[in-house]
Amino acid sequence: MQRDPAYYIQGVLDNNRLHLSRTITLVESTLVTHQEIARDVITELLPHTGKAVRLGITGVPGAGKSTFIESFGHMLAEQSHKVAVLAIDPSSTRSGGSILGDKTRMEQLAVHPNAFIRPSPSGGSLGGVARKTRESMLICEAAGFDVIIVETVGVGQSETTVASMVDFFLVLQISGAGDELQGIKKGVLEVADAIVVNKADGDNINRAKLAKKQYETALHLVKPTSPNWMPPVMTCSAVERTGLQEVWDTIINHKKIMTNTGELQQKRREQAMSWMWFLVNEGLEIWFYQHPEVQSLLPELRKKVENGSVAPTRAADDLISILGKDLLF
């Protein structure tokens, strides 16, 4: 792997796909030497970022997320947009991550000259995925991609993690699967900027319209994240490629409103600060567990906590006091 940051920086700015992939691979590496180079690369690329539409997409199982991203991304690519699809998947160490299958299923989008699809294994933790996905997003922006789609493949915390790094968070739903409202978590509703009911085609159109009304009712019970935006509910068919332009028009309208009110700039500033503190906390945690005295004391202390001979609060104080001694000297 190249050690000269200029190799990656210039390659990304030239939108060289080979260099782009290698730069993301560099960012994903856990080797200290690679991370040092990656920090220099990201710092130099940062002034070339910030112009893209950052779109997060999640969906319930069976909602046709892969087909939607394929059709939606292809539509945008045909309109001369440059589309990058990234994944955030904390379950990929166990399952392999469906994005790897998605890349082969998104046949038209994967080969389109205006598109780039990047599998992103987790490395075993949600934080690890967040780090890689955030920095991969910046790299793609610097390469000139103006639409970045961040896909959640995992469950639980991954939705709110993605929502914390994008401008617009889209929740893909499906009708005809019983009580629609049982298939969506309140936490997801609270961060959604729009809900799209997919598979509104054939004899499913009426069910999709009914689901649309149910979601609209549910959204009125949740406090909007912005005083200037009420999340809409739309229907589409990714297979028939209907309703996709309306989704894009909604995203662009949202961006205009958020930009004009200053909310977009404020949101990105808050995301950057939140990301900084996340990295600080992550760094402190790594430093803590790598401390020689912590590594020496922890196994025995863990046994004592497990058998009840030492209270968890006392054990925690003993461990933290080690770092206190370091700070005193």
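We now turn to the structure provided with this report. For clarity, every value in this text was computed on a predicted model and none was experimentally measured. (Residues numbered from 1 in each chain as written. Predicted model: local features only at pLDDT ≥ 70, side-chain atom pairs only at ≥ 80, totals over all residues. Heavy atoms only, no water.)

### A word on the overall build of the chain
Then comes step 1: What the chain contains, in helices and strands, is 15 helices and seven strands.
Then comes step 2: The burial tally for the chain puts 48% of its 329 residues in the buried class.
Then comes step 3: Within the chain, contacts between residues at least 6 apart in sequence are counted, and of these 75% link residues at least 24 apart.
Then comes step 4: Counting only carbon and sulfur atoms, one obtains 56% of the accessible surface of the chain, whose full area is about 16,400 Å². (Helix = DSSP H or I, 4+ residues; strand = E, 2+ residues; numbered from the N terminus. Buried < 20%, exposed > 50% of the residue type's maximum accessible area, 1.4 Å probe, protein only. Contact = heavy atoms within 4.5 Å. Areas by Shrake-Rupley, 256 points an atom, 1.4 Å probe, with all protein chains shown as cover.)

### With respect to the pairing of strand β5 (residues 168–174)
Then comes step 1: With seven of seven residues buried, β5 lies mostly within the body of the structure.
Then comes step 2: A two-sided burial pattern is seen for β5, the buried positions comprising F168, L170, L172 and I174 on one face and F169, V171 and Q173 on the other.
Then comes step 3: By the bridge criterion, five bridges tie strand β1 (residues 53–59) to β5 in an arrangement that is parallel. When the sheet's bridge partners are listed, L55 is paired in β5 with F168.
Then comes step 4: Here β5 pairs with strand β6 (residues 194–198) via five bridges, running parallel. Residue I174 lies in a different strand from β6, and its bridge partner there is N198. (Pairing = 2+ DSSP bridges.)

### Some thoughts on the environment of F288
Then comes step 1: Its place among the elements puts F288 in helix α13 (residues 263–290).
Then comes step 2: Between the alpha carbons of F288 and L323 there is a distance of 7.6 Å; along the sequence they are 35 residues apart.

### Quick word on the environment of R134
Then comes step 1: Structurally, R134 is set in helix α8 (residues 126–142).
Then comes step 2: You can call R134 buried: its relative accessible area is 11%.
Then comes step 3: Sequence spacing of R134 and V162 is 28 residues, and the spatial spacing of their C-alpha atoms is 9.1 Å.
Then comes step 4: Those residues within four positions of R134 in sequence are excluded, and the remaining contacts are S164, M165, Q271 and W275.
Then comes step 5: Reaching out from R134, the side chain makes a polar contact with the side chain of S164 at a distance of 3.1 Å. (Polar contact = N/O pair within 3.5 Å; in protein donor to acceptor, adjacent residues only side chain to side chain.)

### Describing helix α3 (residues 32–45)
At 3.6 residues per turn, the α-helix brings residues three or four places apart onto the same side.
Then comes step 1: Between its first and last C-alpha, α3 extends 20 Å over 14 residues, near the 20 Å set by a 1.5 Å rise per residue.
Then comes step 2: When α3 is considered as a whole, its buried residues turn out to be H34, Q35, I37, A38, V41, I42 and L45. The buried residues of α3 occupy one face: seen down the axis, they fall within an arc of 160 degrees. Facing away from the buried side of α3 by more than 90 degrees, the exposed set consists of V32 and T43. (Expected span 1.5 Å × (residues − 1). Arc of directions from axis to C-beta.)

### With respect to the packing of helix α12 (residues 244–261) against α13
Then comes step 1: One can describe the packing of α12 onto α13 by two numbers: an axis separation of 5 Å at closest approach and a directional angle of 85 degrees. In terms of orientation, α12 and α13 fall into the roughly perpendicular class. Across from K255, M258, T259 and T261 in α12, the residues of α13 making contact are E263, L264 and Q265.
Then comes step 2: Tallied by class, residues from the contact of α12 with α13 come to two nonpolar, three polar and two charged. (Axes fitted to C-alpha atoms, helices over the stretch in contact; angles between N-to-C directions. Parallel < 35°, antiparallel > 145°, perpendicular 65-115°, else oblique. Nonpolar A, V, L, I, M, F, W, Y, C, P; charged D, E, K, R; others polar.)

### A short note on the sheet that holds strand β3 (residues 115–118)
Then comes step 1: Taken in spatial order, the seven strands make up an open sheet running β3-β2-β4-β1-β5-β6-β7, and their pairing is parallel. Two strands lie at the open edges of the sheet, namely β3 and β7 (233–235), each paired on one side alone. Neighbour-to-neighbour, the strand axes of the sheet open up by a mean angle of 25 degrees, direction not taken into account.
Then comes step 2: Sheet contacts for helix α11 (residues 205–219): β5, β6 and β7; angle to β7, the most-contacted strand, approximately 170 degrees.

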